[in-house]
Every structure is written in C-alpha cells, then in structure tokens.
Amino acid sequence: MGRKTRQSDAVLTALTDSRRSLTPLEICELAQRAVPHLNLSTVYRQLKALLDHDEVVRVDLPNQPARYEALCELGHGDSNHHHHHFCCDGCDRVFPIHACPGHMENLAPQGFRVERHDLILHGRCVSCATANSVR
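As the structure is a prediction and not an experimental result, all values here were calculated from the model.

1. Things to note about the confidence of the model for the chain
Here comes step 1: Looking at the chain, the pLDDT average stands at 88 and 89% of residues meet or exceed 70.
Here comes step 2: For the chain, per-element mean pLDDT is lowest for helix H4 (residues 126-134), which scores 83, and highest for helix H2 (residues 24-31), which scores 97.

See below:
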C-alpha cells in the first residue's frame, strides 16, 4: 500500500484481528479502539485504498451488505484465494470457511462447464448456538 497511516493500520488490524468478514460499520467500531475519532467515510476511503493494493478482499453474499476480509492466511497473500462462508442467522455475522468440497462438475447439467462456485452455509455461530441452548 502507499502511505501507511494510523487510520489504515486501524482498519487493517480490525479486519485481521476479527478473523471474519466485517461490514464497514463493524470495521469502524473496531478501528475506533485505536483511532477514537475515526469516521465511516474515512473507513470507506481506507478500504478503497486497501482493495486497490490487494490487502483486503470484498465479500459479496446474496441479500447481505458488502463485507470485507483481510487476506486469508491460507491464501499466502493471494487475493484470489478461494474459500467459502458461514452466515449466522442469529447475529448476522459472516465467517470464512477454509475448506472446499472440491470440483462441482458432477452437479452441473451434462455438457455444462463449471468455472467457479460459491458455497454459503447458514445456521448459528457458536455464540448464538450456545446462547440458544441456555434458554
């Protein structure tokens, strides 16, 4: 990335430390721990710069707001690293899944060529599942 700033460091640290996909508002709230006067428009500017320099990835899931992730440790710095996601129906948080069922050619109609796939699991994260079982 170009010039490192306290704001860009705070945004990147929020994403890295969370170990999940975050909305810009979630990023802002976490990054404000390091830079208390950080605002949402600054977070968007920092995300754009981080995206432009392949330091974060945008996560677009159906019926969800755009989220962002730090580069996956397992992707070895490859911004095109392939992984899937788990969406919690209880708290709306999104977590990366570092596993893949593999090729999907057998699921496609005969003669079709699969070029990529996305897999999204839905359910309850450990926090919501535990809270739900205590009730």
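And the narrative resumes.
2. Overview of helix H1 (residues 6-18)
Here comes step 1: The first and last C-alpha atoms of H1 sit 18 Å apart over 13 residues, in line with the 18 Å expected at 1.5 Å per residue.
Here comes step 2: Listed in full, the buried residues belonging to H1 are Ser-8, Ala-10, Val-11, Leu-12, Ala-14 and Leu-15.
Here comes step 3: Elements that come into contact with the buried residues of H1 comprise H2, helix H3 (40-52), strand S1 (56-59) and strand S2 (67-70).
Here comes step 4: Looking at the residues trailing H1, positive phi occurs at Arg-19, about 60°.

3. Examining the pattern of salt bridges
Here comes step 1: Within the structure shown, the criterion is met by 6 salt bridges.
Here comes step 2: Note that Arg-58 and Asp-60 form a salt bridge whose closest N and O atoms lie 2.8 Å from each other.
Here comes step 3: Since its relative accessible area comes to 46%, Arg-58 is described here as partly exposed.
Here comes step 4: Using a relative accessible area of 52% as the deciding quantity, one classes Asp-60 as exposed.

4. A short note on the packing of H1 against H2
Here comes step 1: As a packed pair, H1 and H2 sit with axes 8 Å apart at the nearest point and diverge in direction by 105°. Considering the angle they form, H1 stands roughly perpendicular to H2. Between H1 and H2, the residues in contact are Ala-10, Val-11, Ala-14, Leu-15 and Ser-18 and Ile-27, Leu-30 and Ala-31, respectively.
Here comes step 2: Here the contact of H1 with H2 is built from residues that sort into 7 nonpolar, 1 polar and no charged.

5. Some details on unusual backbone geometry
Here comes step 1: At Arg-19, a position not held by glycine, the phi torsion is positive, near 60°.
Here comes step 2: Summarising the element assignment, Arg-19 is placed in the loop between H1 and H2.
Here comes step 3: Phi is positive for Asp-54, close to 55°, though the residue is something other than glycine.
Here comes step 4: Its location among the elements puts Asp-54 in the loop between H3 and S1.

Calculation criteria
- Residues numbered from 1 in each chain as written.
- Predicted model: local features only at pLDDT ≥ 70, side-chain atom pairs only at ≥ 80, totals over all residues.
- Heavy atoms only, no water.
- pLDDT = per-residue confidence, 0-100.
- Helix = DSSP H or I, 4+ residues; strand = E, 2+ residues; numbered from the N terminus.
- Expected span 1.5 Å × (residues − 1).
- Buried < 20%, exposed > 50% of the residue type's maximum accessible area, 1.4 Å probe, protein only.
- Contact = heavy atoms within 4.5 Å.
- Salt bridge = Lys/Arg side-chain N within 4 Å of Asp/Glu carboxyl O.
- Axes fitted to C-alpha atoms, helices over the stretch in contact; angles between N-to-C directions.
- Parallel < 35°, antiparallel > 145°, perpendicular 65-115°, else oblique.
- Nonpolar A, V, L, I, M, F, W, Y, C, P; charged D, E, K, R; others polar.

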